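Chain by chain, the residues run as shown.
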Amino acid sequence: MLTGTNKISNILLIYTGGTIGMIEDDQSGSYLPFSVESVLRFVPRLSELDVSLSVVSFDKPLDSAHVGLNEWLKIKNLVCDNYQDYDGFVILHGTDTMAFSASAVGFLLQGLNKPVIFTGSQLPISKVRSDAHENLVTAIEIAIAQKNGKPNVPEVAVFFDKNLYRAVRSTKDNAENFDAFSSPNYPVLATAGVNIKFNKAFITPFSEKRISPLMHIEKNVVILKLFPGIDDRFIKQNVSAPWVKGIVLETFGTGTVNLSVDSIEVLKTAINNGVLIYAVSQCNIGSVEIGKYKSSSVLKEIGVLSGSDITSEAALVKLMVVLGNYSDNKEIESLLISNWIGELTEV
């Protein structure tokens, strides 16, 4: 535990792994995970923050490529199990799948009114030029930030390279630079410069609600990305598999498709059999507007649901969470097209 001179908040740091906690192997040159204690050793001045910081770690720190549904539930459970004892949570996570994990935790933690801030780094904290130090320290500062005893950011968010993003609006779009993340269709929640400036108008307002987490995730969901020349056999193989319960359909532009009559019939049959098909745009900026063009009106006719301007990451995990916790198709459809926790713009 690290304690500053004027304790303001109790923060739980949850270490899942990722680049931030890796060290270079001298022989192979590959990055290998090491302990959370080693991570914190590289940030000795954490003790100067006015915070009581406790740490819990996955038994085996993971590259984020290996973080999936079970780990999303584990993070959710760690937050819930410690919810009454802490004022906020900081999740150290690899960058490659952080938008998926943060979105999933956001949907699972219904009724959340405390900060849950995901962060990581592009370079290991052991590297001289690492971005890990600033990301970690600022994420903790955001997690403890309060006004009149209420948290400034009572929602799940991603902090990276000076910007705080709503988790369900975030996407990783840069593997080369320190500004790895963006929020294409929603303003940043805060910007960290000399001071941390919170954009209050875009942050979920604090409320005296009780957390009521969802418990399940449906894994039988796929993403189907359309492309020029896509073959009917490919469509049928992905849509008609008996185990598939939900499909995120990545359309062109505002929802246009290049599907043949046969493929449209395959989609229609799947929907009639209870499969949920959720349309999103392949474009980072903008939204699906099913029916705006003739080539997208057929989707509306057969019952494809519009994801508006939701990201593919948030669409996938929203579909997983909704299918995992609700059984009535009409309720599921309503939830998918509705703005549940700030993940899309309703039209």
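Please refer to the structure placed before this passage.
Bear in mind the structure is a predicted one, so any value in this text is a computation, not a measurement. (Residues numbered from 1 in each chain as written. Predicted model: local features only at pLDDT ≥ 70, side-chain atom pairs only at ≥ 80, totals over all residues. Heavy atoms only, no water.)

Draft legend 1. A look at the nonpolar core. Core analysis: the largest hydrophobic core is formed by 56 residues, its most contacted members being Val116 and Phe118. In this structure, phenylalanine 118 is in contact with Ile75, Ile91, His93, Met98, Ser101, Ala102, Val105, Val156, Ala157, Val158 and Phe159, ignoring residues within four places of it in sequence. The next biggest cluster of nonpolar side chains, apart from the first, holds 35 residues, and it includes Tyr15, Ile20, Val90 and Ala145. (Core = buried A, V, L, I, M, F, W, Y, C linked by side-chain atoms within 4.5 Å. Buried < 20%, exposed > 50% of the residue type's maximum accessible area, 1.4 Å probe, protein only. Contact = heavy atoms within 4.5 Å.)

Draft legend 2. Just unusual backbone geometry, in detail. Residue asparagine 148 is not a glycine yet carries a positive backbone phi of 55°. Tracing the chain through its elements places asparagine 148 in the loop between strand S8 (146-147) and strand S9 (150-151). You can call asparagine 148 exposed: its relative accessible area is 72%. Look at aspartate 161: it is not a glycine, yet its phi comes out positive at around 50°. Of note, aspartate 161 is situated in the loop between strand S10 (156-160) and strand S11 (163-166). With relative accessibility at 22%, the residue aspartate 161 sits in the partly exposed group. (Helix = DSSP H or I, 4+ residues; strand = E, 2+ residues; numbered from the N terminus.)

Draft legend 3. The pattern of salt bridges, seen in detail. In total, this model carries 10 salt bridges according to the counting rule given. Among the salt bridges present, the one from arginine 169 reaches aspartate 309, with a minimum N-O distance of 3.3 Å. Residue arginine 169 is found in the loop between S11 and strand S12 (171-172), and its partner aspartate 309 is found in the loop between strand S19 (305-306) and helix H8 (312-325); the two are separated by 140 residues along the sequence. In this pair, the class of arginine 169 matches that of aspartate 309, namely buried. Lysine 318 is paired through a salt bridge with glutamate 343; the nearest N and O atoms lie 2.5 Å apart. In this pair, lysine 318 is assigned in helix H8 and glutamate 343 in the segment after helix H9 (329-337), connecting sequence segments 25 residues apart. (Salt bridge = Lys/Arg side-chain N within 4 Å of Asp/Glu carboxyl O.)

Draft legend 4. Layout of the packing of aromatic side chains. Counting across every chain of the model gives 7 aromatic pairs. Relative to phenylalanine 234, the ring of phenylalanine 227 lies with its centre 6.0 Å away and its plane at 65°, an arrangement referred to as edge-to-face. Here a set of aromatic residues connected by ring pairs shows up, and it is made of Tyr83, Tyr86 and Phe89. Its end group placed over the ring of phenylalanine 58, lysine 74 keeps NZ or CZ at 4.4 Å from the ring centre. The lysine or arginine in question, lysine 114, covers the ring of tyrosine 83, its NZ or CZ lying 4.4 Å from the ring centre. (Phe/Tyr/Trp six-rings, centres within 6.5 Å; stacked < 30°, edge-to-face > 60°. Lys NZ or Arg CZ within 6 Å of the ring centre and 35° of its normal.)

Just geometry here; none of it tells us what the structure is for.
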